[in-house]
Amino acid sequence: MDKVLCSVATRGRYQTTLPLTLNAIINQTKKVDKLVIFDDNDEPQDMRNELVYSYFFQMLTIKGIAWEWVYAGKQGQHYIHQMANGMGFDWVWRVDDDAIPEPNVLQTLFNYTHKNVGAIGGAILTPPFPVNSNNEKPTGKIELINREPNIQWSFIEKVKEVEHLHCSFLYRAGVHDYHLGLSRVAHREETLFTYGLFKKGYKILVVPNANTWHFKNPNGGIRSESNEILYGQDETVFNNLVNYSDKTIVILTGGMGDHIVFTHVLPDIKNAEIFTCYPDIVQGKSIAEAHLLFGSIDPWNVYIKMHQWKWKGSLEDAYRKMYL
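Residues numbered from 1 in each chain as written. Predicted model: local features only at pLDDT ≥ 70, side-chain atom pairs only at ≥ 80, totals over all residues. Heavy atoms only, no water.

Membership of the largest hydrophobic core comes to 33 residues, with the highest contact counts inside it found for Ile 251, Phe 262, Phe 275 and Phe 294. At the level of elements, α5 (189-199), α6 (228-243), β12 (248-251), β13 (272-276), α8 (287-294), α9 (302-309) and α10 (315-323) are the ones that each hand at least two residues to this core. The leading source of residues in this core is α10, at five residues. Lining this core are residues from two domains, each supplying at least three of them: domain 1 (4-226) and domain 2 (247-323). Counting residues in each nonpolar core, the second largest holds 32 residues, with Leu 22, Leu 60, Ala 99 and Leu 106 among its members. (Core = buried A, V, L, I, M, F, W, Y, C linked by side-chain atoms within 4.5 Å. Buried < 20%, exposed > 50% of the residue type's maximum accessible area, 1.4 Å probe, protein only. Helix = DSSP H or I, 4+ residues; strand = E, 2+ residues; numbered from the N terminus. Domains from an automatic or database assignment.)

Following this line, the structure appears as structure tokens:
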């Protein structure tokens, strides 16, 4: 049977909502195969010395659930989610540290893990619910994200295919990367990730009877950051990536030799939008424009990717893995 990792990224919520989240995960009717808590606090603590947490850890051990507490790199939750994404599990259930899933949530989501499904989400309920005075029926389409309420913000009546998910959900691991070009706030990171799965041809589902209560905490998490500029930067990156979603974005930051190698791959890339250092070798827009559009361009650095993949093949084949 497919293995499920539960990933919790936490910051600033040791003594507020995180204990509620952990208790809910431990008491799921379907046990996770492993729970990893990624501690992204500015001043991390050893929670084994805290009474309530010590009981949680004992409960996990008694129930036979492997667990790990990882001190993260203070780069943002998108980096944390990408770490979980690459841990070798079939599925990752990401649960926010102010989200309280009802006991049946994981089992219900897991029931929909068919081969063509990329991610499954249930209702994410934040009391009080927003009043839907126009009886809107959200579509879950990316182009309407700023003009309709999120479909997960109220009870879900039937299974529906959408284009993106919000907050907490179960996803197929290792087939698409989180966008690491966002700021530490990581605004829109889950939207970009699930939309990326959708663009790769996977079904994104919302399903009924999988309710998670969102105790939206005004402190901690991404709300630890008060710099509104970061949110604005991330929103710009999000909009630009969505606008370019029908193209294959290629950003070449290497030397002349790298560009020459890339020319062997270019004819096979569909609808490429290229940003280049050497336009006389590979025609395209400037690297400066890529920075303005997408923030950090490290996600397109082939050498970073080769390091992540523990690559032993050729540079040309690495380019093929990135872009084909």
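What follows picks up the thread again.
Inspection of every chain in the model, using the stated rule, returns 17 aromatic pairs. Between Phe 275 and Phe 294 the ring centres are 5.7 Å apart and the planes differ by 90°, which places this aromatic pair in the edge-to-face class. Of this pair, Phe 275 sits in strand β13 while Phe 294 sits in helix α8, placing them 19 residues apart in sequence. On the accessibility criterion, Phe 275 (0% relative accessible area) is buried. Residue class for Phe 294 comes out buried when judged on its relative accessible area of 0%. Three or more aromatic residues link up through ring pairs in this structure, and these residues are Tyr 53, Phe 56, Phe 57, Trp 67 and Trp 69. Here the guanidinium or amino end of Lys 30 rests over the ring plane of Phe 110, the centre of that ring lying 4.2 Å away. Sitting above the plane of the Trp 309 ring, Lys 321 keeps its charged end 4.9 Å from the centroid. (Phe/Tyr/Trp six-rings, centres within 6.5 Å; stacked < 30°, edge-to-face > 60°. Lys NZ or Arg CZ within 6 Å of the ring centre and 35° of its normal.)

Next up on the list: the domain arrangement of the chain. Reports often express the size of an interface as the amount of accessible area lost when the parts come together. When the domains of the chain are assigned, the result is domain 1 (4-226) and domain 2 (247-323). Each of domain 1 and domain 2 has a C-alpha centre, and these two points are 31 Å apart. Contacts between domain 1 and domain 2 engage four residues on the former and six residues on the latter. Applying the counting criterion to the domain 1 and domain 2 interface returns one salt bridge. (Contact = heavy atoms within 4.5 Å. Salt bridge = Lys/Arg side-chain N within 4 Å of Asp/Glu carboxyl O.)

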